[in-house]
Amino acid sequence: MITSGNNIKIFTGSSNPKLAQEIAEILGVKVGEAKVSTFSDGEISVDINETVRGADVFIVQSTNSPVNNNLMELLIMIDAFKRASAGSITAVIPYYGYARQDRKVKSRDPITAKLVADLITAAGADRVLTMDLHAAQIQGYFNIPVDHLLGTPILSKYFIDMGLDERDDVVVVSPDLGSVTRARKFADRLHAPIAIIDKRRPKANVSEIMNIIGEVEGKICILIDDMIDTAGTIANAANALKDLGAKNVYACCTHGVLSGPAFERINASAIEELVMLNTIALPKRDDLQKFKSISVATLIADAIKRIHDDEPLSKLFL
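Residues numbered from 1 in each chain as written. Predicted model: local features only at pLDDT ≥ 70, side-chain atom pairs only at ≥ 80, totals over all residues. Heavy atoms only, no water.

Going by what an unreviewed UniProt entry lists, the protein chain is known as Ribose-phosphate pyrophosphokinase and is assigned to Inconstantimicrobium mannanitabidum.

Moving on: the packing of aromatic side chains. Within this structure, the stated rule accounts for 6 aromatic pairs. Summarising the aromatic geometry, the rings of tyrosine 96 and phenylalanine 142 are spaced 6.0 Å apart at their centres and angled 65 degrees between planes, so their arrangement reads as edge-to-face. Residue tyrosine 96 is found in the loop between strand E5 (88–93) and helix H3 (112–123), and its partner phenylalanine 142 is found in the loop between strand E6 (127–131) and strand E7 (146–149); the two are separated by 46 residues along the sequence. The exposure class assigned to tyrosine 96 is buried, which follows from its relative accessible area of 3%. Residue classification places phenylalanine 142 among the buried residues on the basis of a relative accessible area of 7%. Relative to tyrosine 250, the ring of phenylalanine 159 lies with its centre 6.1 Å away and its plane at 70 degrees, an arrangement referred to as edge-to-face. With a gap of 91 residues between them, phenylalanine 159 in helix H4 (residues 152–161) and tyrosine 250 in strand E12 (residues 248–256) connect regions that are remote in the sequence. Grouping aromatic residues by their ring pairs yields a cluster made of Tyr158, Phe159, Phe186 and Tyr250. (Phe/Tyr/Trp six-rings, centres within 6.5 Å; stacked < 30°, edge-to-face > 60°. Helix = DSSP H or I, 4+ residues; strand = E, 2+ residues; numbered from the N terminus. Buried < 20%, exposed > 50% of the residue type's maximum accessible area, 1.4 Å probe, protein only.)

In the structure shown here, the tally under the stated rule is 16 salt bridges. Residue lysine 9 pairs with glutamate 50 through a salt bridge whose shortest N-O separation is 2.9 Å. Of the two residues, lysine 9 sits in strand E1 (residues 8–12) while glutamate 50 sits in the loop between strand E3 (44–48) and strand E4 (56–60), which places them 41 residues apart along the sequence. The exposure class assigned to lysine 9 is buried, which follows from its relative accessible area of 18%. Glutamate 50 sits in the partly exposed class, given a relative accessible area of 26%. Within the structure, one salt-bridge network assembled from shared partners comprises Arg167, Asp169 and Lys247. (Salt bridge = Lys/Arg side-chain N within 4 Å of Asp/Glu carboxyl O.)

This is the structure in structure tokens:
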């Protein structure tokens, strides 16, 4: 609980108000009075209905779908608090949209992750608090402090509580070569070996060939990634593991983007349970039996308190 006075305020946009409410309750404060509405032509309007002069303001807003609306909400709210003389403004962005556009893949590509960083800075944010950026180097796109929280400790604890640590029949699987470092850190917490799925497409319009590096036959496999979007990669990986004799297949990620056919693919796959953090709110559906959402409110609340009290955040990364 915050004990150093009334100079901290938590506000939320419309992307994940439930998470903001959980964070505020842990900190012992109320979510600030703000209203986000839309004019008939689609323009976003923000009304801040309480004073913020001199306060440490934290705006909780993921930039998931609808990405552009949520991003504009965040920018407008930052601008409103800046003009209202807030003491400091921290953009709490549990899921940072556009993070996959972090480099030029071909000629004339934009680097939109950098553009978004510039927009947030220009709007008036003093600091950014985020989780599991798709590319960690995005922290360097900002000219303001960025605190980058990790989801691995929370996800690994879930499986440790299931009794899957220090067992000979558990293997952590990276769904592609880009996630090997994440899988290794996750596996170290479970004291388990890793396996790697090497995907190759021989030529256009030919099905992918999957090579598994590591032993998965008769094992409980845990796939881990930073985000799952359309779920094609994770579903194919799970099915390949099952075909190669895996006993059980679980999957986990920090960000459940879950767009397009993702729900149908997960439900039709060999995945027994998909564990995600609530950086993005799960939609209300009838087919969520395989989906498990774990709150990151405690971690973010602790980070907010440390920022507010000028304490180091390094202990949160252990």
